[in-house]
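For reference, the chains in residue letters:
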Amino acid sequence: MDPSFLLTILHDSLLRVTRSVTLSDVVAAIVAVWALRGAFRSARRSFKTTKLRGPPRTDFVFGAAKQIFESPDAGAVYEAWAKEYGVVYEVPTTLGGKKIMLTDPKALTHYYARETWTYVQTESARFFLQHHFGRGILWSQGEDHKRQRKSLTPAFSQAAIRNLTPVFYGSAHKTKSAWEAMIDAGDGDGAIIEVQSWMNHISLDSVGLAGFSHDFGSLVGKPTSITEIFDTIGSSSKRSAVNAGLLLLSQVFPLLEYVPTPRTKLLCEMQRIMEDISKDLLTRTKKEKEEGVLDGKEDKSIIGVLVKANDADSPNHLTHEEVLAQMKVLLVAGYETTSVTMTWALLELAWNPNIQSKLRRELLAFGEEPTYDQQQHSLPYLDAVLHETLRVHPAVTEFDRVAAEDDIIPLSEPVVTKSGEIVNSISVARGTQIGISASCINRSTEIWGVDAKVFRPERWLEEGGIPRKAQDIRAYRHLLTFVDGPRTCLGKGFAMAEFKAVMSVLVKYFVFEMRDGPNTRVELGRGMLPRPRIVGEEGTNVPLRIRRYEG
């Protein structure tokens, strides 16, 4: 038989089949393939992963995820589960998913040693980061992350931060002058000041000047698009049930990030504004470098380092898109995390007048404005207040990753599995989700002792103040606030120097009190990160009574 005749028959048959297939058939086939793929992966994970005990699935759709999301203190929820089920346990998540929570120091050390390689960002997290910030250091993994981090490291060296300290003091003194004017405009005895917005503006102006040699002017009331969008996100109202549900579902279906909710619209507008600003700043800096205006003086600034990394012959070359992504990430991180931490510090000082007075005495006794090196070594109580704030109030409270390969995680103490077996390590299959709650571990009574929930800076100064089990947490100062391993926060030195400069000025010259007395209640509001809010206030407002310190 003629082969060409057979080919013609085959072609006609395939054509008839193709013409008979409808769009619904195609969709059904895709869904079926997706479901089979998911079922196969789930079966493999279930077979190879140690079956751990954990809380029951209280919600058919969201598992325990909604309970955690809506809890006023998710860290306390995780801690209660750790006490009931052991140092590693399983939590049911959205649409039948599961994740293993780690609270064991030995398990955490093992995990962080393998971050960005064995344990990587979840698909939904990477989708979110790429969509809103680009393929920068938060999005990247493995060798890509190593290259990007290495290119940025010079901008965050001790020498670089030492040179930036005057910028932080400048922002603090602008705030001091503004608050004095507000007090004088009243009866001169004090004023009610919403401090969170001021901490936001200190952080924004500081990262603008220190990182990009650009003054956003938010502390002097200069209207700019980035100030407006950050303030809008920071003061947004509580999420609706629909928005909360979409957010949780987007962890399974990342494309839901494109649903035009008020939150996603704000984030897209923020992304557009940051993109425009980053392009303008980058173009200006490149032009100044070509014209010799900079004369090498910005080589160690964030933007100087980025421009240098963008050169074709740079050993850790960053593409133009990667440079813009870094700028957007650093703008948001520099603004959001530091402002949240400083707001919590002012709240704790207002709640604890004895701690506030003790810190002020140290600052007054020191006298002059401390240099960067004096901040590190000559003001122990300021250092203790900083680290206690970082411990009790981590800005980023939880981290989720997924295993990129099979692994065995060792434990420092045994756990009982679902079958009743006692094990000293757990098997984790590729594709298993892993969770770590910084707020749980930083405030765990099992790790930090019976007073773990108490704001007590003295623990950092007393001999034996840090329990043995806390010392087993190998991260910076035994805290997970800046995480650990290859993803340790690159800007932690920057953030701590800014905190110390700002607090050393404000606490020295002002007294902070709760507007409604010592029993004032604080809850979590929602900016890009969880933020404190005085109960009953709009958005994330934190009004405090502030008066001059008269000596």
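Residues numbered from 1 in each chain as written. Predicted model: local features only at pLDDT ≥ 70, side-chain atom pairs only at ≥ 80, totals over all residues. Heavy atoms only, no water.

> Help me out: how do you make sense of the side chain of R531 in this one?
Residue position: R531 is located in strand β11 (residues 530–534). On the accessibility criterion, R531 (0% relative accessible area) is buried. There is a polar contact of 3.4 Å between the side chain of R531 and the side chain of E336. (Helix = DSSP H or I, 4+ residues; strand = E, 2+ residues; numbered from the N terminus. Buried < 20%, exposed > 50% of the residue type's maximum accessible area, 1.4 Å probe, protein only. Polar contact = N/O pair within 3.5 Å; in protein donor to acceptor, adjacent residues only side chain to side chain.)

> Quick question: what am I supposed to make of the pairing of strand β4 (residues 191–194) here?
Along any regular strand, the residues point their side chains to alternate faces of the sheet. Side chains of β4 alternate between two faces, with A191 and I193 buried and I192 and E194 left unburied. Two strands pair when backbone bridges link them, and β4 and strand β12 (residues 543–548) are joined in this way by four bridges, in the antiparallel orientation. Residue I192 lies in a different strand from β12, and its bridge partner there is R545. (Pairing = 2+ DSSP bridges.)

> Would you mind going over the sheet that holds strand β1 (residues 88–92) with me for this structure?
One open sheet holds the five strands; their spatial order is β1-β2-β8-β5-β3, and the pairing between them is mixed. In this open sheet, the two strands that pair with only one neighbour each are β1 and β3 (119–121). Put simply, the sheet's adjacent strands are angled 40° from each other on average, direction ignored. Pairing geometry for β1 and strand β2 (residues 98–102), over five bridges, is antiparallel. From the neighbouring strand, P92 faces β2, where its bridge partner is K98. Sitting on the sheet, helix α5 (residues 105–113) is in contact with β2, β3, β5 (398–403) and β8 (433–437), with an inclination near 120° to β8. (Axes fitted to C-alpha atoms, helices over the stretch in contact; angles between N-to-C directions. Contact = heavy atoms within 4.5 Å.)

> So what exactly am I meant to see when it comes to the nonpolar core here?
Among soluble globular proteins, nonpolar side chains are generally buried collectively. Core analysis: the biggest nonpolar cluster contains 126 residues, and L102, W179, F512 and L544 have the highest contact counts within it. The dominant element in this core, judged by the number of residues it contributes, is helix α14 (residues 320–351), at 16 residues. Setting aside chain neighbours within four positions, we find L102 in contact with V87, V88, A107, L108, Y111, I409, I434, G435, I436 and I441. Of all hydrophobic cores here, the second largest spans eleven residues; its members include A64, W81, Y85 and M101. (Core = buried A, V, L, I, M, F, W, Y, C linked by side-chain atoms within 4.5 Å.)

> I'm lost on the packing of aromatic side chains in this one. Help?
For any pair of aromatic rings, the description consists of the separation of the ring centres together with the inter-plane angle of the planes. Tallied over the entire structure, the rule returns 14 aromatic pairs. Seen in terms of ring centroids, W81 and Y89 are 6.4 Å apart; in terms of plane orientation they differ by 75°. Their pairing is edge-to-face. For W81, a relative accessible area of 9% gives the class buried. On the basis of relative accessible area, Y89 is assigned to the buried category, the value being 0%. When the ring of F127 is compared with that of Y258, the centres are 5.6 Å apart and the planes differ by 85°; the resulting orientation is edge-to-face. Of the two residues, F127 is situated in helix α6 (residues 123–133) and Y258 in the loop between α11 (241–249) and α12 (262–290); the sequence distance between them amounts to 131 residues. Among the residues examined, F127 registers a relative accessible area of 22% and is labelled partly exposed. Through a chain of ring-to-ring contacts, three or more aromatic side chains come together here, namely W179, W198, F510 and F512. The ring of W139 carries R126 above its face, with NZ or CZ at 4.0 Å from the centroid. Directly above the ring of Y509 sits K176, whose terminal nitrogen or CZ lies 4.7 Å from the centroid. (Phe/Tyr/Trp six-rings, centres within 6.5 Å; stacked < 30°, edge-to-face > 60°. Lys NZ or Arg CZ within 6 Å of the ring centre and 35° of its normal.)

> Which parts of the structure should I look at to understand the side chain of E336?
In this structure, E336 sits in helix α14. In this structure the side chain of E336 is engaged in a polar contact, spanning 3.2 Å, whose partner is the backbone nitrogen of M528. Setting aside chain neighbours within four positions, we find E336 in contact with G527, M528, L529 and R531.

> Can you help me understand the pairing of β5 in this one?
Pairing of β3 with β5 involves three bridges; the strand directions are antiparallel. Across the sheet, the residue bridging to Y119 is A403, located in β5. In this structure, β5 lies alongside β8, joined through five bridges in antiparallel fashion. Bridge pairing links D400 to G435 in β8.

> Help me out: how do you make sense of the environment of P394 in this one?
Looking at the element boundaries, P394 is found in the loop between α17 (380–392) and β5. Distance in space between the C-alpha atoms of P394 and P530 is 9.8 Å, their sequence separation being 136 residues. When near neighbours in sequence (up to four residues on either side) are disregarded, P394 contacts T389, A438, S439, N442, R443 and T481.

> Sorry, what's going on with the pattern of salt bridges here?
Where charged atoms from two side chains of opposite charge approach closely, those side chains can pair. Tallying each qualifying case throughout the model produces 35 salt bridges. In this structure, the salt-bridge partner of R263 is E257, at a minimum N-O distance of 3.6 Å. Each member of the pair, R263 together with E257, is buried. We note a salt bridge from R515 to D516, for which the minimum N-O separation is 2.9 Å. The partly exposed category is assigned to R515, whose relative accessible area is 28%. (Salt bridge = Lys/Arg side-chain N within 4 Å of Asp/Glu carboxyl O.)

> Explain the sheet that holds β12 here, please?
Strands pair in a sheet through their backbones, by hydrogen bonds, and they do so in one of two ways: parallel or antiparallel. A sheet is described by the order of its strands in space; here three strands give the open sequence β4-β12-β9, paired in antiparallel fashion. Among the strands making up the open sheet, the edge pair consists of β4 and β9 (510–514). Strand after strand, the sheet turns through a mean of 40° between neighbouring axes, direction not considered. Strands β4, β9 and β12 of the sheet are contacted by helix α8 (residues 158–185), whose axis makes an angle of about 85° with β12. Of the strands in this sheet, β9 and β12 are in contact with α14, which crosses β9 at around 80°.

Read these as geometric descriptors, not functional statements.
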